[in-house]
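Listed below, chain by chain, are the residues.
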Amino acid sequence: MVTHPLIAMRGIVKRYPGVTALRDVSLSVESGEVMALVGENGAGKSTLLKILAGAARADEGVIEISGETVQVHSPRESQARGIAVIYQELNLANDLSVAENIYVGREPKTRLGTVDFRTMERGAAELLSSLGIDIAPTEIVGNLNIALRQMVEIAKALLIDARVVVMDEPTSSLTEEEVETLLKLVRQLRSNGVSVIYVSHRMREIFEIADRITVMRDGAVVGVRDAKTTTPNDLVHMMVGRELEDLYGVRTSPVDATATPTLEVRGLSSGKLLHDVSFSVRPGEILALAGLIGAGRSDAAMTIFGAAKRGGGEILIDGQPMALRTPREAMDAGIGFVPEDRKHQGLFLGLPVRENMSSASLSKISRLSLVSRRRDRDLARQYAKQLGIRESAIEVAAGTLSGGNQQKVVLARWLARVPKLLILDEPTRGVDVGAKAEIYQLVRKIASEGVAILVISSELTEVLGIADRILVMREGYGVGELAAAEASEKRVMAMATGVQEDVS
Amino acid sequence: MTINGETVKRITQTTLDGGPALPAAARTSLSEKVRHRLLKIITARESTLGAVVILLVLYLSWASPYFFTAGNLTVVGRQIALALLISVGMTFVILIGGIDLSVGSVVALVSVLSGEAMVNAGLPPVVAVILALAAGALVGLVNGSINAFAGIPSFVVTLGMLAVARGLSLGISGGSTISGFPPGFLYIGQGAFLGIPVPVWIAAVVAIVAHFVLTRTTFGRHIYFVGSNEEAAKLSGIRVRRVKISVFVVASTLAAVSGILETARLSVGQPAAGNGYELLAIGAAVIGGTSLFGGVGGILGTALGTSLLLLIQNALILLGISAYWQQAFSGVIIVGAVALNMWRRQRN
Ligand SMILES: Nc1ncnc2c1ncn2[C@@H]1O[C@H](COP(=O)(O)OP(=O)(O)OP(=O)(O)O)[C@@H](O)[C@H]1O
Ligand SMILES: [Mg+2]
């Protein structure tokens with residue numbers, strides 16, 4: 001008897017107006033295996049998975065499940081065949097409870113035909129605890145942080161007895177610790193015989209979890225590798241088609257330690273989230289805020305930018321105390337801010353890339369409030385070029401770009417203002433290795449031009465690779481500062497979690 | 001109708017329902033440029049609607065001997081003009097993701113106020129018109145401020161205002177109509193300039209200016225930003241509240257302009273004026289491709305949508321369908337056309 005792979009996608013072609021997202025792609029997944037799917041931003045990973053999920057339709061190609069050719073025309077059909085998908089962008093109803101979200105569309109009914117909340121909550125509680133997730137089923141999803149929402153999404157997928165769980169960048173908004181929990185979950189799935197298709201830009205995770213790795217580039221598969229016999233460098237080479245030596249770059253000139261700090265924060269507080277935080281960043285310096293999700297890093301950033309109400313403390317720009325009550329005032333003081341959640345806080349998804357890029361620089365490209373189309377276009381071209389966005393993408397809706405390119409668009413918006421302080425909240429979330437290197441080289445470059453950089457990242461390697469100094473935060477407090485030379489992953493983690501470890 | 005290349009471009013990009021995307025046309029030859037432009041026009045969302053409007057006009061010219069007479073065209077033109085003024089304002093509000101249900105009541109309020117001012121108080125028409133416009137703007141200011149500062153959804157705020165403004169006009173007028181307007185005032189509603197009714201001139205200028213504001217000014221950009229993503233707009237330094245309030249002022253003021261013209265056209269100030277205009281305006285904007293979620297749409301589509309709806313009304317009259325049934329028809333057509341539009345977009 002011939003054995004068939006659990007999932008086989010063959011010869012998949014998908015065209016969008018202007019781009020061929022997939023050209024003749026094949027993917028096969030055995031049962032009980034973790035197949036990693038890697039590739040640069042825009043390589044077509046999400047598109048391929050959307051086709052498997054029935055959320056997009058292929059122009060050509062077939063899908064086979066256990067050797068049988070199937071048609072999946074809708075997410076419902078795909079679920080019925082045991083395919084559960086966790087998308088890059090979470091799909092939860094924020095006003096409903098955790099249990100309601102998990103059971104959405106599959107609510108248990110009482111004899112009267114109404115929703116049986118008791119059974120639902122009990123089921124959800126069992127499912128969550130079997131996954132080791134500590135959330136009350138009655139909690140409203142909107143009150144959870146992104147990491148916990150992700151867990152809810154996974155629980156939701158598992159409710160349908162999935163044979164394959166597809167995870168599209170599940171860890172892009174998780175901290176290291178939470179990543180561990182997730183990977184444990186993935187291993188548990190595998191040992192239950194469930195297959196997992198796992199998309200990530202983080203090499204470390206991939207090698208920790210994957211059995212095999214499919215590498216994509218420009219809408220085609222460039223190779224399938226066994227995780228045991230390949231190396232991160234090989235993969236990167238296959239993905240980007242060149243060597244990447246130095247991901248984070250190196251500092252070329254020392255920071256002037258006597259310069260007046262561009263930003264100085266004294267005793268900053270905001271509601272229950274931020275207590276008495278103090279730090280400073282000098283011109284050309286890169287300060288990283290490290291800590292777990294919920295440690296108050298983003299709140300600090302939002303407060304400095306005038307987007308969250310300041311409860312107490314002082315903010316000094318170039319030594320001058322500033323009110324910074326609104327983003328506008330912060331911008332006028334020379335601050336730029338790339339927010340954490342690019343879909344909800346960053347981008348105008350339906351508007352062209354060009355308009356997204358110039359949205360914070362309208363005064364620059366207009367006179368008497370009349371927008372100059374030429375200057376608008378020139379600005380977009382200039383930053384597209386600088387950030388490696390292809391020129392033909394300038395006029396398309398920002399929402400159709402891949403994650404990494406979307407991030408570059410938000411970055412371009414702030415670079416166009418030439419700020420003296422740039423705050424970057426998770427600037428490389430969902431960004432591929434190549435683009436990540438580009439972004440960090442760019443950050444290095446603008447720092448070397450005298451811009452002070454405040455960067456928040458949940459990826460420790462990144463924090464250690466780029467920062468001159470690291471401020472570790474925990475539960476809204478600044479718990480310690482480390483110079484780059486004295487910092488190590490262990491030390492930062494110990495401070496971030498508050499667990500006393502031997503850090504010698 | 002000439003279609004401005006830039007608008008068409010914006011629309012194809014934002015809705016993604018254009019045909020094949022065009023390669024960067026930076027260094028292409030002239031003939032190719034012309035071809036690109038033509039292709040853009042053909043694939044733009046407005047072209048289907050434009051074609052429907054043209055077909056309807058052709059059909060009506062063929063089906064009814066009265067349609068293509070100067071008399072009928074003047075009547076239809078005036079109706080389209082009056083409705084267009086309101087639809088344009090509505091488009092602004094819908095573009096930020098809001099809705100304004102009070103426009104019909106503003107028409108009534110303005111109608112009554114201008115009657116009181118001109119007929120009962122004997123004020124000169126210019127002063128009366130300015131007062132009436134100010135009243136309209138004030139309504140918008142109230143709508144916008146409550147929406148922006150108290151965070152109450154515009155649907156609720158303007159539903160309240162619908163009742164308040166209608167109540168005010170009934171209260172002020174005691175429920176009766178006011179007539180006896182000076183002839184100079186009536187000219188703006190009934191007169192013609194170069195053979196074209198004055199309201200048509202006014203509506204055309206307003207529509208062109210509105211189109212220009214939306215596509216070429218920073219205020220226009222701000223409107224699309226707020227409608228597309230309010231949070232991102234705030235974090236881009238845009239004064240979101242100011243934009244919201246401005247947009248409601250625009251909508252109410254344009255409704256007031258329409259109300260003044262209608263009063264002049266009918267020679268009476270009446271508290272029953274403008275009933276149901278909000279439905280027509282919302283329908284016209286949405287049929288024209290403006291998304292109720294905000295951030296997508298424009299004046300060209302709204303102008304076509306308005307024309308379509310009023311031509312259909314005219315057709316019902318010409319084809320001898322009882323006036324009693326017309327409103328039901330209009331409702332069905334608006335919902336049907338919107339559904340069709342959404343289906344078309346989803347399929348793409
Ligand atoms: N709805 C759409 N309309 C037009 N083009 C699209 C659409 N969705 C995706 N694309 C294009 O298809 C290509 C593949 O995108 P896809 O999102 O699959 O990449 P990806 O590999 O998942 O990237 P990332 O790592 O950034 O998530 C990109 O060029 C993207 O711009
Ligand atoms: Mg993707």
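In what follows, the structure referred to is the one given above.
Residues numbered from 1 in each chain as written. Chains lettered and ligands numbered in written order. Predicted model: local features only at pLDDT ≥ 70, side-chain atom pairs only at ≥ 80, totals over all residues. Heavy atoms only, no water.

Novice: So what's going on with the overall build of chain A? Which residues, and what values?
Specialist: Looking only at helices and strands, chain A features 17 helices and 22 strands. Over its C-alpha atoms chain A spans a radius of gyration of 24 Å, differing by no more than 12% from the 23 Å that the globule rule assigns to 504 residues. Of all 504 residues assigned to chain A, the portion counted as buried reaches 55%. The long-range share in chain A, meaning contacts at least 24 apart out of those at least 6 apart in sequence, stands at 68%. Surface summary for chain A: the accessible area is close to 21,100 Å², and the carbon and sulfur share equals 49%. The average position of the 60 basic charges and that of the 65 acidic charges among the side chains of chain A differ by 5 Å. (Helix = DSSP H or I, 4+ residues; strand = E, 2+ residues; numbered from the N terminus. Rg over C-alpha atoms; globule rule 2.2 N^0.38 Å. Buried < 20%, exposed > 50% of the residue type's maximum accessible area, 1.4 Å probe, protein only. Contact = heavy atoms within 4.5 Å. Areas by Shrake-Rupley, 256 points an atom, 1.4 Å probe, with all protein chains shown as cover. Lys, Arg positive; Asp, Glu negative; His and termini not counted. Charge placed at Lys NZ, Arg CZ, Asp CG, Glu CD.)

Novice: Just give me the short version of the overall build of chain B, but keep the residues and values in it.
Specialist: A tally of helices and strands in chain B yields 15 helices and four strands. A buried classification covers 51% of the 348 residues belonging to chain B. Carbon and sulfur atoms form 70% of the exposed surface of chain B, whose accessible area is close to 15,200 Å².

Novice: Lay out the sheet that holds strand β11 (residues 263–270) of chain A with the relevant residues and their values.
Specialist: Sheet strands line up and pair through hydrogen bonds in the backbone, either parallel or antiparallel. Residues and elements named next belong to chain A. Reading across from one edge, β12-β11-β14-β15 is the order of the four strands in this open sheet, with antiparallel pairing throughout. Because the sheet does not close on itself, it has two edges, and the strands there are β12 (274–281) and β15 (320–321). By the bridge criterion, five bridges tie β11 to strand β14 (residues 312–317) in an arrangement that is antiparallel. Across the sheet, residue E264 finds its bridge partner in β14, namely L316. Of the strands in this sheet, β11, β12 and β14 are in contact with helix α9 (residues 297–304), which crosses β11 at around 110°. (Pairing = 2+ DSSP bridges. Axes fitted to C-alpha atoms, helices over the stretch in contact; angles between N-to-C directions.)

Novice: So, the pairing of strand β10 (residues 220–226) of chain A: which residues are in play, and what are the values?
Specialist: Here is the key point about a regular strand: its side chains alternate between the two faces of the sheet. All names here are of chain A. Examined bridge by bridge, strand β9 (residues 212–217) and β10 share six bridges and lie antiparallel to one another. Paired with M216 across the two strands is V221, which belongs to β10. Between β9 and β10, which pair antiparallel one after the other, the connecting turn spans two residues, and D218 there sits at a positive phi close to 50°.

Novice: Before we move on, could you go through empty space enclosed by the protein and cite the residues and values that matter?
Specialist: All names here are of chain A. Using the criterion set out here, one finds five cavities of 30 Å³ or more in the structure. The volume enclosed by the largest cavity comes to roughly 130 Å³. Considering the residues around the largest cavity, the lining is formed by 17 residues, among which S172, R202, T428, G430 and E459 are closest to the centre. Here the residues of the lining of the largest cavity sort into two nonpolar, eight polar and seven charged. (1 Å grid on protein atoms, 1.4 Å probe; cavity = no way out; pocket = protein on both sides within 12 Å on 5 of 7 lines; lining within 4 Å. Points joined across faces, edges and corners; volume = space filled by probe spheres on them. Nonpolar A, V, L, I, M, F, W, Y, C, P; charged D, E, K, R; others polar.)

Novice: Describe the packing of aromatic side chains, listing the residues and the values that go with them.
Specialist: Residues and elements named next belong to chain A. Within the structure shown, the criterion is met by seven aromatic pairs over all chains. Residues F305 and F337 carry aromatic rings whose centres are separated by 5.1 Å and whose planes lie at 40° to one another, so their mutual orientation is tilted. Placement of the pair is F305 in the loop between α9 and β14 and F337 in strand β16 (residues 335–338), with a sequence separation of 32 residues. Of the two residues examined, F305 and F337, each falls in the buried class. An aromatic cluster is present here, built from F305, F337 and W414 joined pairwise through their rings. Sitting over the face of the ring of Y16, K14 holds its NZ or CZ atom 5.1 Å from the ring centroid. (Phe/Tyr/Trp six-rings, centres within 6.5 Å; stacked < 30°, edge-to-face > 60°. Lys NZ or Arg CZ within 6 Å of the ring centre and 35° of its normal.)

Novice: Outline the interface of chain A and chain B, supporting the account with residue identities and numerical values.
Specialist: Contacts between the two partners involve 39 residues from chain A and, on the opposite side, 29 residues from chain B. Buried area between chain A and chain B, both sides added, is near 2,900 Å², and the carbon and sulfur share of it is 57%. Counting across the chain A and chain B interface gives two salt bridges. Where B:R221 meets A:D376, a salt bridge forms, and the shortest distance between an N and an O atom there is 2.7 Å. Our count for the contact surface shared by chain A and chain B stands at eight residue pairs in polar contact (both at pLDDT 80 or more). When contributions to the side of chain A that touches chain B are tallied by element, the ones reaching two or more residues are α10 (327–332), α11 (342–346), α12 (353–358), β18 (370–371), α13 (373–387) and α14 (403–415) of chain A. (Buried area = accessible area lost by both parts, 1.4 Å probe. Salt bridge = Lys/Arg side-chain N within 4 Å of Asp/Glu carboxyl O. Polar contact = N/O pair within 3.5 Å; in protein donor to acceptor, adjacent residues only side chain to side chain.)

Novice: Can you tell me about the pattern of salt bridges, naming the residues and giving the values?
Specialist: Residue and element names in this part refer to chain A. Under the definition given, this model contains 28 salt bridges over all chains. In this structure, the salt-bridge partner of K445 is E449, at a minimum N-O distance of 3.8 Å. With a relative accessible area of 41%, K445 lands in the partly exposed category. Salt bridges sharing common partners tie together R202, E205, K436, E459 and E462.

Novice: With reference to specific residues and values, describe the site of ligand 1.
Specialist: Residue and element names in this part refer to chain A. What surrounds ligand 1 is a group of 19 residues, the closest being N41, K45, S46, T47 and T400. Within the side chain of N41, an N or O atom sits 2.6 Å from an oxygen atom of ligand 1. Take S402: an N or O atom from its side chain is 3.4 Å from an oxygen atom of ligand 1. For ligand 1, whose free accessible area comes to 640 Å², the fraction covered by protein is 86%. (Near = heavy atom within 4 Å.)

Novice: Lay out the sheet that holds strand β4 (residues 60–65) of chain A in plain terms, naming residues and giving numbers.
Specialist: Residues and elements named next belong to chain A. One open sheet holds the four strands; their spatial order is β2-β1-β4-β5, and the pairing between them is antiparallel. Only two strands of the sheet have a single neighbouring strand rather than two, namely β2 (19–29) and β5 (68–70). Adjacent strand axes in the sheet meet at a mean angle of 30°, parallel and antiparallel pairs treated alike. Looking at chain direction, β4 and β5 are connected through three bridges and run antiparallel. Each residue of the ladder has a partner; that of E64, found in β5, is T69. Across the sheet, helix α1 (residues 45–52) touches β1 (7–16), β2 and β4, and the angle it forms with β1 is around 115°.

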